[in-house]
Amino acid sequence: MWPSKTAATNAEVPVPWSRFSAWLECVCVVTFDLELGQAIELVYPHDVKLTEKEKTSICYLSFPDSYSGCLGDTQFSFRLRQSVGRSSSWFGHEDAYNRDAPVTLQKEHAHFHGYVYFRQVKDASVKRGYFQKSLVVVSRLPFGNLFHSLLQVIAPEYFEKHEPCLETVCNEIDQWPAPVPGQTLNLPVMGVVMQVQIPPKNLLPAPTVLPSVHELDLFKCFQSVLIHMQMLWELMLLGEPVVVMAPSPTVSSETVLALVSAIAPLRYCGDYRPYFTIHDSEFKEYTTRTQAPPNVILGVTNPFFIKTFHCWPHIIRLGDLKMSGIYTAYKTFLHKDKSFIKRLLKGIQKKRPSEVQSAILRRHLLEQTESFILPLERYLESLMPPQRSMSPWKTPPQIRSFSQDEFMKTLEQAGPQLTLKGDWTGLYRRFFRSPNFDGWYRLRHREMTQKVECLHLEAICAADLLTWNKDKSEVEIVDLILKLREKLMKARKHQLPVKEELLEKLEQSIQTIISSLPEDLQTLLHRQ
C-alpha cells in the first residue's frame, strides 16, 4: 500500500511523500485507449490531488500530434496552468528552496512542468498496430536536464516491467535529499546515482564536471536562426507574443525553453508553453482574434496552427529548410553584434563542439542581459533610504518611488557598459511596459522592503530599550512591546536575513521590559 500524503504524523516521523514532493508532484502513465483516446492509466502516488481539467490537459500534452510521425522513443516537455482554487503548494509560499534559488530556477506556484518519455512501436498484438504510451514526470521545478535524464533511466525499464518498477522508483525518490541550491546532491535511482548541483542565488555556478539540472544545448536550439539572436533576445526581454512552429514536440519544447533562458539571470515573467495543442484548455483564450495576442510563447507542431496564428506578430518556423526563419515586422533597437555571429559561424566551419558553441552563446547572452540590468540595479540602490535615517523609535523610512524619467537621465552617465550600439533608451522605455519589468521590479521592491525591515530591526536591537523605558507611561511601553513582538514574528515568518542572536537579544529585552510592569499587565501580555 502507498501511504497517504495527508496522513497524520507526529513530529518524529517524516510526512509521507514529503521528500518525494520536494522534487515531484507525481508520475503519470498515459496510454491510448481505442474508445477514450488518450487516458491516464496510472498516477503515483495514488492519492495525488489532480483536478479533472489537469488530468485531461496532461493526457493531451503527453502525446505528440499525429503529424509529428514520432516512431520509437521521443522526449519533450510541456508547461501546464494549475486549476483555479487548488492549493498552490503543500509547503506554502515561504518555501526555503525558493528563498535560496536563482529566480529562473524557483518552484512555480501557478504552473506544473511536465517531462515526457513517449514510446511508439509496432505491435501486432494491439488493434491499432502500435504500442503507444507515455511516462510523465510532473514537477514544479524547471529542471529539464535532470528529469529527462531520470526518464532515460526509468522509462525503458518501466515499459518492460510495468507498475512494480514505478512504485520502487517513487519510493527511491522519496529517499532523496532535499533540493538545496549550492550543494552537490547524490540522487540514487535503479542502481544509478545521478550527481547534480543546483546553482545558488546570485552566483554563477562554478566550473564543475556535474551535469546541469536545467541548461539546454543553446547552440543546437538556435543554430538555424543564429543571425537573428539579437532580435530573439529583444523579443524575450520585452515579453512579446511568439509562436514556435516545429517539426516535433522535442524541437518545440527545447526551443521554447531555450528562448525563455536567453534573458537569464532575468526571469521571464510572461506565460510560456513548450508544447501546445488544440486540446489545451487555453486554446480559445490564445487564439481569439478579438484582442491582441497575449504575452506568451507557444511551441506547436500541428500544421493547423499555421493558419490559426498567421496574425501573430512573431512566428519562428523550424524544420523545413526552405521555410525556416523568423516572420516578423519587428525592428531591433540595438544593432547586431557581427563579430559575435562571425565567431559562432567560424566555429561551425571548424567543427567546434556544440557544448563549446553553447558556452560562447550563453556567455554572450548573459553579459548582454547583465549589462542591461546593471543601470536599473544602480538606480534602485539610489531609491533606498540612507542607513543613518534609520531610527529605532520611528517607523522605517519609505523607499522612493521608481521614476522612469529620472532613470533615463542616469543613462547619460551610467548607461549599459557594452560596445553594442543602438537605441538603448527606446529599449528601456519598451521594457517598462513588459511583464518582465513588472515581475523584476516587484521582486526587487520586495527584497528592498525586507532590507529596510532588517536595518530597522538591527537599529532596534542596538538601542538601549531599558533606558528608554524608564520615563515612559505604561500605555507607551505596552504599545512598544506589541510593535516589537509583531516585528519579531514577521522577521521569523518571512525568514529575514537577521542574525538569530540579535533576535534572541531583542526577545530578552522584551521580557525584561514586561517584568518591570505591574502584575496585571504582565499577565495580560503573557496571554497574548
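The structure presented is a predicted model; accordingly, all values stated were derived computationally and were not measured.

Colleague: So what's going on with the overall build of the protein? Which residues, and what values?
Modeller: For the protein, the count of helices and strands is 19 helices and 12 strands. On the principal axes, the C-alpha backbone points of the protein span a range of 90 × 65 × 50 Å. Long-range contacts, defined here as pairs at least 24 residues apart, represent 69% of the contacts in the protein between residues at least 6 apart. As displayed, the protein has an accessible area near 26,700 Å², and 53% of this comes from carbon and sulfur atoms. Of the charged side chains in the protein, 61 are positive and 57 negative; the average position of the first set lies 8 Å away from that of the second.

Colleague: For the state of the cysteines, give the residues involved together with the corresponding values.
Modeller: For the structure shown, the criterion picks out 0 disulfides. Not part of a disulfide, Cys454 finds its nearest cysteine sulfur in Cys461, a span of 10 Å.

Colleague: Just give me the short version of the layout of surface pockets, but keep the residues and values in it.
Modeller: Over the atoms rolls a probe the size of a water molecule, and its path tells where empty space is left. As a volume, the second largest pocket reaches approximately 480 Å³. Surrounding the second largest pocket, 21 residues form its lining, Pro392, Lys394, His456, Lys483 and Lys487 being those nearest its centre. Within the residue set of the lining of the second largest pocket, elements represented by two or more residues are α15 (435-462) and α17 (474-493). No other element matches α17, which puts 9 residues into the lining of the second largest pocket. In the lining of the second largest pocket, the residues fall into 10 nonpolar, 2 polar and 9 charged.

Colleague: So what about the packing of aromatic side chains? Which residues, and what values?
Modeller: Here the structure, examined in full by the defined rule, presents 36 aromatic pairs. An aromatic cluster is defined as three or more aromatic residues linked by ring pairs; in this entry it consists of Trp233, Phe372, Tyr379, Phe402, Phe407, Trp424, Tyr428, Phe431, Phe432, Phe437, Trp440 and Tyr441. A cation over a ring is seen here: Arg79 above Tyr272, with NZ or CZ 4.0 Å from the ring centre.

Colleague: Which residues make up unusual backbone geometry, and what values go with them?
Modeller: That bond from Tyr44 to Pro45 is cis: its omega, -10°, falls within 30 degrees of zero. Structurally, Pro45 is set in the loop between β2 (37-44) and α2 (52-61). Of the consecutive residues Ala264 and Pro265, the connecting peptide bond is found in the cis state with omega at 10°. Its place among the elements puts Pro265 in the loop between α8 (249-261) and β9 (271-273). The backbone of Met190 shows a phi angle near 50°, a positive value even though the residue is not glycine. Among the secondary structure elements, Met190 is positioned in the loop between β6 (184-189) and β7 (192-197). The exposure class assigned to Met190 is partly exposed, which follows from its relative accessible area of 27%. Unlike most non-glycine residues, Lys351 shows phi in positive territory, near 55°. A relative accessible area of 74% places Lys351 in the exposed class.

Colleague: I'd like a description of the environment of Glu172, backed by residues and values.
Modeller: Here Glu172 shows up in helix α5 (residues 163-173). Taking the relative accessible area as the measure of exposure, Glu172 reaches 24% and is therefore partly exposed. Note: C-alpha distance between Glu172 and Leu187 (15 residues apart in sequence) is 8.9 Å. Aside from chain neighbours lying at most four places away, what touches Glu172 is Pro188, Val189 and Met190.

Colleague: Go over the pattern of salt bridges with me, naming the residues and quoting the values.
Modeller: Between side chains of opposite charge, a pair can form as their charged atoms come close. Scanning the entire structure with this criterion turns up 27 salt bridges. Between Arg99 and Asp100 there is a salt bridge, and its shortest N-O distance comes to 3.6 Å. Judged by relative accessible area, Arg99 falls into the partly exposed class, the value being 33%. Among the residues examined, Asp100 registers a relative accessible area of 34% and is labelled partly exposed. A salt bridge links Glu507 to Arg492, with the shortest nitrogen-to-oxygen separation between them at 3.3 Å.

Colleague: Explain the packing of helix α11 (residues 338-349) against helix α12 (residues 354-383) to me, using residue names and the numbers behind them.
Modeller: Between α11 and α12, the shortest axis-to-axis distance is 10 Å and the interhelical angle comes to 170°. Between α11 and α12, the crossing angle belongs to the class labelled roughly antiparallel. Together, Phe340, Arg343, Leu344, Gly347 and Ile348 of α11 and Gln357, Ile360, Leu361 and His364 of α12 make up the contact between the two elements. Its residues assigned to classes, the contact of α11 with α12 shows 5 nonpolar, 3 polar and 1 charged.

Colleague: Describe the sheet that holds strand β4 (residues 111-122), naming the residues involved and giving the relevant values.
Modeller: Taken in spatial order, the 5 strands line up as β2-β1-β5-β4-β3 in an open sheet, and their pairing is antiparallel. With partners counted over all chains shown, the strands left at the sheet margins are β2 and β3 (72-81), one partner each. With strand direction ignored, the average angle separating the axes of adjacent strands in the sheet is 25°. Bridge count between strand β1 (residues 26-33) and strand β5 (residues 130-139): 6 bridges; the pairing is antiparallel. In the strand pairing of β5, Cys26 is matched with Val138. Where helix α4 (residues 144-161) meets the sheet, its contacts fall on β1, β2, β3, β4 and β5, and the angle it forms with β4 comes to roughly 40°.

Reading the values: the criteria
- Residues numbered from 1 in each chain as written.
- Predicted model: local features only at pLDDT ≥ 70, side-chain atom pairs only at ≥ 80, totals over all residues.
- Heavy atoms only, no water.
- Helix = DSSP H or I, 4+ residues; strand = E, 2+ residues; numbered from the N terminus.
- Contact = heavy atoms within 4.5 Å.
- Areas by Shrake-Rupley, 256 points an atom, 1.4 Å probe, with all protein chains shown as cover.
- Lys, Arg positive; Asp, Glu negative; His and termini not counted.
- Charge placed at Lys NZ, Arg CZ, Asp CG, Glu CD.
- Disulfide = S-S within 2.5 Å.
- 1 Å grid on protein atoms, 1.4 Å probe; cavity = no way out; pocket = protein on both sides within 12 Å on 5 of 7 lines; lining within 4 Å.
- Points joined across faces, edges and corners; volume = space filled by probe spheres on them.
- Nonpolar A, V, L, I, M, F, W, Y, C, P; charged D, E, K, R; others polar.
- Phe/Tyr/Trp six-rings, centres within 6.5 Å; stacked < 30°, edge-to-face > 60°.
- Lys NZ or Arg CZ within 6 Å of the ring centre and 35° of its normal.
- Buried < 20%, exposed > 50% of the residue type's maximum accessible area, 1.4 Å probe, protein only.
- Salt bridge = Lys/Arg side-chain N within 4 Å of Asp/Glu carboxyl O.
- Axes fitted to C-alpha atoms, helices over the stretch in contact; angles between N-to-C directions.
- Parallel < 35°, antiparallel > 145°, perpendicular 65-115°, else oblique.
- Pairing = 2+ DSSP bridges.

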